[in-house]
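Architecture and fold: a report
Next come the chains, spelled out residue by residue.
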Amino acid sequence: LKPAAHALFKKLKDEELELLVQVVESQDAWESGCILAPRGDPRGVKQGLPPQVLLCRLFRWPDLHQYHELKHFCYCAGSQGVCRDLAVLCCNPHHFSRLAVPETPPPPYVKASCEHENQGMEPTVTPSRRKRLRHGMKGSCCGSSLGPDTPLPTEAPLCSPLPDTSLSWSTVKDGCWCKLAYWEYRTRVGRLYAVHEASVNIFCELPWGSGFCLAQLPAAHRSCAVQRARGKIGRGLLLSREPGGIWAYNRSEHPIFVNSPTLSRPGACRVTVLKVMPGYSAKVFDYEWTGDRGGWQLPGEGPCDPHSIRISFAKGWGPCYSRQFITSCPCWLEVLLNQPY
């Protein structure tokens, strides 16, 4: 890659080279500008790599191979050329994310006991899993702890109805396309955060950043598990409304776990939870797949808002996972979408 990189650096202006150095050294701690480079002819490059792929491979993902593995950020002005000049495109390596795809074979948090559900059988609770479940349910909203001989339910019951966070028509009229609700286990913390811009940052620590800062939300008491999970949020995620759907980009150093009605097939017998690694992005809500999902129901959890997205920071949940429900996750986000997309 060295000859191709040197050839590209010679084509960049001095101010663009300086910006590239700042972006790489700071790991994009601030939303930097575009680094413009000629689109180039792959036939004239020994490695056959476009400038965007070359810089992303050098400074972010050594295993990157193709341009279609990348996605431009919505706020990048040079993603489709500058002033309609398609010969010049942005190649800022921190204006891209990698596309997240479901893992194959499915990891534990998307494996479902469909056979158990179809045959009416109860899933096996091993001693180690019993210990994890008992630890996770200790100090729950019911205010009761489990003893060594307490039987565990195959489906953890909801202790009390969660507060209604569905959006009213007055919310639709005020111009926001979604509202954000932050949860710690089964407790909502703070007020709903209305989003009017096309994209929003959700974070705890984001230098020179703006958006929904979770670090500013007060709480009377936070358990050690919540504090540890909050310490992993860091730069959090970027949520953006784009043509065709909603995208989430993981800006933190830990994975995020996402569930929405369009990530699951209609009538699915399992909860589909998508794991999005740091630096990756995924379309977490597809407008074309919504259809009429007024009766969207999660297995074991009951009906849910069909126009919502649920994102857990650092901790996954689902069948064959220590946390069966998202309300067992220490820190998670609920994205409530306006129905008129």
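Here's a quick rundown of the structure. As the structure is a prediction and not an experimental result, all values here were calculated from the model. (Residues numbered from 1 in each chain as written. Predicted model: local features only at pLDDT ≥ 70, side-chain atom pairs only at ≥ 80, totals over all residues. Heavy atoms only, no water.)

1. Side note on the overall build of the chain
The secondary structure content of the chain amounts to 7 helices and 17 strands. Among the 341 residues that make up the chain, the fraction classed as buried is 45%. Long-range contacts, defined here as pairs at least 24 residues apart, represent 64% of the contacts in the chain between residues at least 6 apart. (Helix = DSSP H or I, 4+ residues; strand = E, 2+ residues; numbered from the N terminus. Buried < 20%, exposed > 50% of the residue type's maximum accessible area, 1.4 Å probe, protein only. Contact = heavy atoms within 4.5 Å.)

2. Overview of helix α3 (residues 51–59)
Buried within α3 are the following residues: Pro51, Gln52, Val53, Leu54, Leu55 and Cys56. On the buried face of α3, the contacting elements are α1 (2–11), α2 (14–26), β1 (36–38), β2 (70–72), β3 (88–90) and β4 (96–99).

3. Things to note about the environment of lysine 232
Within the element layout of this structure, lysine 232 appears in the loop between α7 (224–230) and β9 (237–242). On the accessibility criterion, lysine 232 (31% relative accessible area) is partly exposed. Taking the C-alpha atoms as reference points, lysine 232 and glutamate 205, separated by 27 residues in sequence, lie 9.8 Å from one another. With residues near it in sequence (within four places) discarded, lysine 232 still touches Ser252, His254, Ala314 and Lys315.

4. Here we look at the nonpolar core
Soluble globular proteins tend to pack their nonpolar side chains together in the buried interior. In this structure, Leu180, Ile202 and Leu239 are the most contacted members of the largest nonpolar core, which totals 35 residues. Apart from the residues within four sequence positions on either side, isoleucine 202 is in contact with Leu180, Phe212, Leu214, Arg235, Gly236, Leu237, Leu239, Phe313 and Leu333. Counting residues in hydrophobic clusters, the runner-up holds 18 residues, among them Leu8, Leu49, Val53 and Leu54. (Core = buried A, V, L, I, M, F, W, Y, C linked by side-chain atoms within 4.5 Å.)

5. Considerations on the pairing of β9
For β9, the buried fraction is high: 5 of the 6 residues fall into the buried class. Note: strand β7 (residues 199–203) against β9, 4 bridges, orientation antiparallel. Bridge pairing in β9 links asparagine 201 to leucine 238. Alignment of β9 against strand β10 (residues 245–250), held across 6 bridges, turns out to be antiparallel. Its bridge partner lying in β10, leucine 238 is registered against tyrosine 249. Linking two consecutive strands that pair antiparallel, namely β9 and β10, is a turn of 2 residues; a positive phi of about 100 degrees is found at glycine 244 within it. (Pairing = 2+ DSSP bridges.)

6. A look at unusual backbone geometry
Phi is positive for tyrosine 185, which is not a glycine, with a value near 55 degrees. Here tyrosine 185 lies in the loop between β5 (178–184) and β6 (187–195). One non-glycine residue, alanine 314, lies in positive phi territory at about 75 degrees. Mapped onto the elements of the fold, alanine 314 is located in the loop between β16 (308–313) and β17 (332–337). Residue class for alanine 314 comes out buried when judged on its relative accessible area of 18%.

7. Overview of the packing of aromatic side chains
Centre-to-centre distance and the angle between the planes together describe a pair of aromatic rings. Enumeration according to the criterion identifies 5 aromatic pairs in this entry. Following the ring pairs from residue to residue traces out a cluster consisting of Phe73, Tyr75 and Tyr249. (Phe/Tyr/Trp six-rings, centres within 6.5 Å; stacked < 30°, edge-to-face > 60°.)

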